[in-house]
There are 2 protein chains.
Amino acid sequence: MPANQIGPELQRLIDLLAKMPGLGPRSAKRAALYLLKKRDPVMRPLAFALADAADKVKACSVCGNWDSIDPCAICADVTREKTVLCVVQDVGDLWALERAGAHRGAYHVLGGLLSPLDGVGPDDLHIGALIARVKEGAVKEVVLALPATVDGQTTAHYLADHLEGGGVSVTRLSQGVPVGGELDYLDEGTLSAAMKARRPA
Amino acid sequence: MPANQIGPELQRLIDLLAKMPGLGPRSAKRAALYLLKKRDPVMRPLAFALADAADKVKACSVCGNWDSIDPCAICADVTREKTVLCVVQDVGDLWALERAGAHRGAYHVLGGLLSPLDGVGPDDLHIGALIARVKEGAVKEVVLALPATVDGQTTAHYLADHLEGGGVSVTRLSQGVPVGGELDYLDEGTLSAAMKARRPA
């Protein structure tokens, strides 16, 4: 549609909505129409929530999780097992582990993965802070919950090299067949890894 | 993840994002993470654009299109053929026709479809305004660009009954095989309609 046939306010809204992951140019228009029909219940509250979160949500100075309090709610939770530290690439992975209830210890968010090809080195990630945190002595186990990709495994190797020893054990998530996974649909790499890491039934 | 492990500002943002069409609870979290990483380039401008559009974008008093000027840019465009009036259910359908460049006349947005089962009658839609607009005399043809659903066809019949005569012709979009459509994948209703409305090759 010609640019002059749609108001500048509406066009800017559509352009910004289209930048969000999961929304393209067409679904951004659909979202804009939906929002304009729900101005008071959704559109204005969303505008406020965006500005409010942009101002108040900060990275936790201890673990890097995003929260409006610092230390974050997980770091401040005295019932959590602080001797087990789970290292994740990103806050999204932290949320995924929390959703699964898979970890009751603390976290450390790296903010990315080592990637020599993309020029991401140890100083670009929160690795120094992780090593300092482990050196403080309270942590007994570091669980590397990093993706099973080349960069993820590169990062895991680097961290294992720099963290092991001094009474700290470094572990990784197991690899294998996903729960509910049909063997027929799995890639060869996963099947080989699951076979290699086989355990007594 | 337990409610207390995620800040209230962030949780409210995720809940509101999840209400948008095309985003579910999980993709809303992904969108929130993306926005928090792009606070200045996307998140704050989006908050402003939402509030700005919520305040400024209004339904055109002539045709019902959404724009920040009234009459809207299409109604105000003197180069458009105002004798041909295209009736659509919704602003989204108007945008689709504009994107296709399928119509160079004026529009009238009904704001919905007649639906006896859902209790939507003529007074719930902008039908009175349409009839008054046609009675003014400038319109020579009314094109009913309504969906090929039961409610769409009910509405089309009702409008044809109330608009025809007095020098105004009422037309509808043709039905048939979509451009690029494989016959094998088309439903029986479309195939029957295309066969019935067959034309010389």
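Keep in mind it's a predicted model, so treat the numbers as computed, not measured.

1. Details of a nonpolar patch on the surface
Residue and element names in this part refer to chain A.
(1) Moving on: Residues Val-177, Leu-183 and Leu-191 make up a contiguous nonpolar surface patch of roughly 230 Å² in combined accessible area.
(2) Moving on: Here Val-177 lies in the loop between strand S6 (169-172) and helix H8 (188-196).
(3) Moving on: Here Val-177 falls in the partly exposed class, since its relative accessible area comes to 37%.

2. Structural notes on the pattern of salt bridges
(1) Moving on: Tallied over the entire structure, the rule returns twelve salt bridges over all chains.
(2) Moving on: With a shortest N-O distance of 3.0 Å, Asp-90 of chain A and Lys-37 of chain B are connected by a salt bridge. Of this pair, Asp-90 of chain A sits in the loop between strand S3 (81-88) and helix H5 (91-100) while Lys-37 of chain B sits in helix H2 (residues 25-37), each in a different chain.
(3) Moving on: Residue classification places Asp-90 of chain A among the partly exposed residues on the basis of a relative accessible area of 21%.
(4) Moving on: Across the salt bridge formed by Arg-44 of chain B and Asp-40 of chain B, the nearest N and O atoms sit 3.0 Å from each other. With Arg-44 of chain B and Asp-40 of chain B both in helix H3 (residues 39-56) and four residues apart, the pair spans about one turn of that helix.
(5) Moving on: On the accessibility criterion, Asp-40 of chain B (57% relative accessible area) is exposed.

3. With respect to the sheet that holds strand S3 (residues 81-88) of chain B
Residues and elements named next belong to chain B.
(1) Moving on: The four strands are arranged S4-S3-S5-S6 in an open sheet whose pairing can be described as parallel. Across the chains shown, the open sheet's two edge strands, defined by having one partner strand only, are strand S4 (105-109) and strand S6 (169-172). In this sheet, neighbouring strand axes are inclined to one another by 25 degrees on average, regardless of whether the strands run parallel or antiparallel.
(2) Moving on: In this structure, strand S5 (residues 141-145) lies alongside S6, joined through four bridges in parallel fashion. Opposite Val-143, over in S6, you have Thr-171 as the bridge partner.
(3) Moving on: On the sheet, helix H5 (residues 91-100) packs against S3, S4 and S5 and is oriented at approximately 160 degrees with respect to S4.
(4) Moving on: Sitting on the sheet, helix H6 (residues 127-135) touches S3, S4 and S5, and the angle it makes with S4 is about 150 degrees.

4. Concerning the interface of chain B and chain A
(1) Moving on: Each side of the interface is counted separately: chain B has 61 residues, and chain A has 61 residues.
(2) Moving on: Interface area for chain B against chain A, summed over the two sides, is near 5,600 Å², with a carbon-plus-sulfur share of 66%.
(3) Moving on: Taken together, chain B and chain A are joined by six salt bridges.
(4) Moving on: For Asp-52 of chain B, the salt bridge goes to Arg-12 of chain A, with nearest N and O atoms at 3.1 Å.
(5) Moving on: Taken together, chain B and chain A are joined by 18 residue pairs in polar contact (both at pLDDT 80 or more).
(6) Moving on: Counting only elements with at least two residues in the side of chain B that touches chain A, the list comes to helix H1 (8-17), H2, H3, strand S2 (66-67), helix H4 (73-76) and H5 of chain B.
(7) Moving on: A total of 17 residues in the side of chain B that touches chain A trace back to one element, the largest contributor, which is H3 of chain B.
(8) Moving on: Split by residue class, the side of chain B that touches chain A holds 35 nonpolar, six polar and 20 charged.

The rules behind each value
- Residues numbered from 1 in each chain as written.
- Chains lettered and ligands numbered in written order.
- Predicted model: local features only at pLDDT ≥ 70, side-chain atom pairs only at ≥ 80, totals over all residues.
- Heavy atoms only, no water.
- Patch = residues over 30% accessible without salt bridge, like charges linked within 9 Å, V, L, I, M, F, W, Y side chains within 5 Å.
- Areas by Shrake-Rupley, 256 points an atom, 1.4 Å probe, with all protein chains shown as cover.
- Salt bridge = Lys/Arg side-chain N within 4 Å of Asp/Glu carboxyl O.
- Helix = DSSP H or I, 4+ residues; strand = E, 2+ residues; numbered from the N terminus.
- Buried < 20%, exposed > 50% of the residue type's maximum accessible area, 1.4 Å probe, protein only.
- Pairing = 2+ DSSP bridges.
- Axes fitted to C-alpha atoms, helices over the stretch in contact; angles between N-to-C directions.
- Contact = heavy atoms within 4.5 Å.
- Buried area = accessible area lost by both parts, 1.4 Å probe.
- Polar contact = N/O pair within 3.5 Å; in protein donor to acceptor, adjacent residues only side chain to side chain.
- Nonpolar A, V, L, I, M, F, W, Y, C, P; charged D, E, K, R; others polar.

So yeah, pure geometry; function would need other evidence.
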